[in-house]
Amino acid sequence: MTRWGLIGASTIAHEWVIDAIRAVGGEIVSVMSTSAERGAKYAADHNIPKSVTTLEALVGDPEVDAVYISTTNELHRDQVFAAARAGKHILCEKPLATSLEDARAMVEAARAAGVVMATNHHLRGAATHRAIRDAIAAGRIGKPIAARICHAGYLPEHLQGWRLDKPEAGGGAILDLTVHDTDALRFVLGEDPVEAIAFTQHGGMAKAGLEDAAMSVLRFQSGLIAHFHDGFTTKYAVTALEVHGSEGSLLGSHCMTQKPVGTVILRNAEGEQSLPLDHRNLYENTLIAFDAAIAGNGKPLCTGEDGLWSLATGLAVAKAAETGATAKIEPGL
């Protein structure tokens, strides 16, 4: 049983991760919030025994085996450093940091400390994405040549905070959504992106010069090209992940989401068929693999190095949009 400390009294922990930890047999022993009042209420609301106000108090707790970091992105680096120094395993929200230099240092700190570090790209736990990955690996669409992701929706009112007005925290659609798209395609394709072009949009929701939507095109190592549409402003869009190959197409619908939902259709010369899906809570799948990695059995679903790739791609997309030129994707691993 893994005993967890929560770094951040966050919405995502409240809505998804706390229940998932408990569902796979974990225990939450402490939560850290810099506000004593907020932390105490959060602990009471979620039946967490301890509430602390400092990072040192949480990572120094001998009853904590692992930490889940879900603060705003500019805080992740120092929190990962502290957890690694204390010998705690780390599940960190994406993006890992707001700069590649910081993210690389975080991954190295965990490696040097001998602790497991994972990035919480939850979509790797989706049945839809696993079915697409397995179908590609089995050669069911031939050689993959193109992909398309629609990860556009409407940012709920209760989340319309720092994502829309704090560039220093990594706000905007690219570092919130494009990083997920990148990781999803790296997962299903088994290859890395190499360059990006992009446009951003300012649709009136975001402030402080941040984008609230973006469209980008990535080129992958094999020559495959992929198009992403990411945004906070489209109330009626349907999320999708499609991969098109020389011998068929895989069409995932309603699948870029935190919920265990969605469908995948395979279209080829024989017609159309729906692929069987074993839907399960995405975060539970993430935590099962994380616990196994702690026990020495395999790796997390999404490693720290994977998180470096998604951040590098997001930053390249942002650079391409800003400069109007193609940007190279170089995580510096």
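Keep in mind that this is a model prediction, so the values were computed, not measured.

Scoring rules and cut-offs
- Residues numbered from 1 in each chain as written.
- Predicted model: local features only at pLDDT ≥ 70, side-chain atom pairs only at ≥ 80, totals over all residues.
- Heavy atoms only, no water.
- Helix = DSSP H or I, 4+ residues; strand = E, 2+ residues; numbered from the N terminus.
- Rg over C-alpha atoms; globule rule 2.2 N^0.38 Å.
- Buried < 20%, exposed > 50% of the residue type's maximum accessible area, 1.4 Å probe, protein only.
- Contact = heavy atoms within 4.5 Å.
- Areas by Shrake-Rupley, 256 points an atom, 1.4 Å probe, with all protein chains shown as cover.
- Lys, Arg positive; Asp, Glu negative; His and termini not counted.
- Charge placed at Lys NZ, Arg CZ, Asp CG, Glu CD.
- Pairing = 2+ DSSP bridges.
- Axes fitted to C-alpha atoms, helices over the stretch in contact; angles between N-to-C directions.
- 1 Å grid on protein atoms, 1.4 Å probe; cavity = no way out; pocket = protein on both sides within 12 Å on 5 of 7 lines; lining within 4 Å.
- Points joined across faces, edges and corners; volume = space filled by probe spheres on them.
- Nonpolar A, V, L, I, M, F, W, Y, C, P; charged D, E, K, R; others polar.
- Parallel < 35°, antiparallel > 145°, perpendicular 65-115°, else oblique.
- Left-handed = near helix turned anticlockwise from the far one by under 90°.
- Core = buried A, V, L, I, M, F, W, Y, C linked by side-chain atoms within 4.5 Å.
- Right-handed = clockwise from strand over helix to strand, strands pointing away.
- Salt bridge = Lys/Arg side-chain N within 4 Å of Asp/Glu carboxyl O.

(A) Summary view of the overall build of the chain. Summing up its helical and strand segments, the chain has 10 helices and 15 strands in all. What you see for the chain is a C-alpha radius of gyration of 19 Å, in line with the 20 Å of a compact globule of 333 residues. For the C-alpha atoms alone, the extent of the chain along its principal axes is close to 60 × 40 × 40 Å. Evaluated residue by residue, the chain yields a buried proportion of 54% over its 333 residues. Taking as baseline every contact in the chain between residues at least 6 positions apart, the subset at least 24 positions apart corresponds to 68%. Accessible area for the chain stands at about 14000 Å²; split by element, carbon and sulfur atoms hold 50% of it. Counting 29 positive and 39 negative side-chain charges, the chain places the averaged centre of each group 1 Å from the other.

(B) Broad picture of the sheet that holds strand S14 (residues 271–274). Taken together, nine strands build an open sheet; the order of strands is S14-S13-S12-S11-S7-S10-S9-S8-S15 and the sheet is mixed. Edge positions in the sheet fall to S14 and strand S15 (327–328), since each has one partner strand and no second. Here four bridges tie strand S13 (residues 263–268) to S14, and the two strands are oriented antiparallel to one another. Its bridge partner lying in S14, Arg 267 is registered against Glu 272. Strands strand S7 (144–152), strand S8 (193–201), strand S9 (213–220), strand S10 (225–231) and strand S11 (240–245) of the sheet are contacted by helix H8 (residues 173–189), whose axis makes an angle of about 145° with S10.

(C) Summary view of empty space enclosed by the protein. This structure, assessed with the given rule, holds one cavity of 30 Å³ or more. A volume near 40 Å³ is recorded for the largest cavity. Residue lining of the largest cavity: Leu 123, Ala 126, Ala 127, Thr 128, Cys 255, Thr 257, Lys 259, Pro 260, Val 261, His 279 and Leu 282, and that is the complete set. Tallied by class, the residues present in the lining of the largest cavity amount to seven nonpolar, three polar and one charged.

(D) Structural context of the layout of surface pockets. For the second largest pocket, the calculated volume is near 270 Å³. Put simply, the parts of the chain that give the lining of the second largest pocket at least two residues each are H8 and helix H10 (304–323). Per element, the largest residue contribution to the lining of the second largest pocket is four residues, and it comes from H10. Of the residues in the lining of the second largest pocket, the class split is seven nonpolar, six polar and two charged.

(E) How the structure looks around the packing of helix H1 (residues 11–23) against helix H9 (residues 282–294). H9 packs onto H1 with a crossing angle of 50° between their chain directions and a minimal axis gap of 9 Å. Taken together, H1 and H9 sit at an angle that is classed as oblique. For the pair H1 and H9, the crossing hand works out as right-handed. The residues of H9 that touch H1, namely those facing Ile 12, Trp 16, Val 17, Ala 20, Ile 21 and Ala 23, are Tyr 283, Glu 284 and Leu 287.

(F) Local environment of the nonpolar core. Among the nonpolar cores identified, the biggest contains 68 residues, and Val 67, Ile 90, Leu 185, Leu 241, Val 243 and Leu 250 are the most heavily contacted of them. Per-element tally for this core: the top contributor is H8, with eight residues. When residues no more than four places from it in sequence are discounted, the contact partners of Ile 90 are Val 67, Ile 69, Val 80, Ala 83, Ala 84, Ala 110, Val 115, Val 116, Met 117, Ala 118 and Phe 290. One finds Val 17, Tyr 42, Ile 48 and Ala 118 within the second-largest nonpolar core, a separate group that totals 23 residues.

(G) How the structure looks around the pairing of strand S4 (residues 66–69). A two-sided burial pattern is seen for S4, the buried positions comprising Ala 66 and Tyr 68 on one face and Val 67 and Ile 69 on the other. Of the strand pairs in this sheet, strand S1 (residues 3–7) and S4 are connected by four bridges, and their pairing is parallel. Counted as the bridge partner of Gly 5 is Val 67 from S4. Note: S4 against strand S5 (residues 89–92), four bridges, orientation parallel. Following the sheet pairing, Ala 66 is matched in S5 by His 89. Read as a crossover between parallel neighbours, the route from S4 over helix H4 (residues 76–85) to S5 is right-handed.

(H) Representation of the pattern of salt bridges within the structure. For the structure shown, the criterion picks out 20 salt bridges. The shortest N-O distance in the salt bridge between Glu 305 and Arg 111 comes to 2.8 Å. One end of the pair, Glu 305, is in helix H10; the other, Arg 111, is in helix H5 (residues 100–113), and 194 residues separate them in sequence. Exposure remark for Glu 305: the relative accessible area of 29% places this residue in the partly exposed category. Asp 306 serves as the salt-bridge partner of Arg 186, at 3.1 Å between the closest nitrogen and oxygen.

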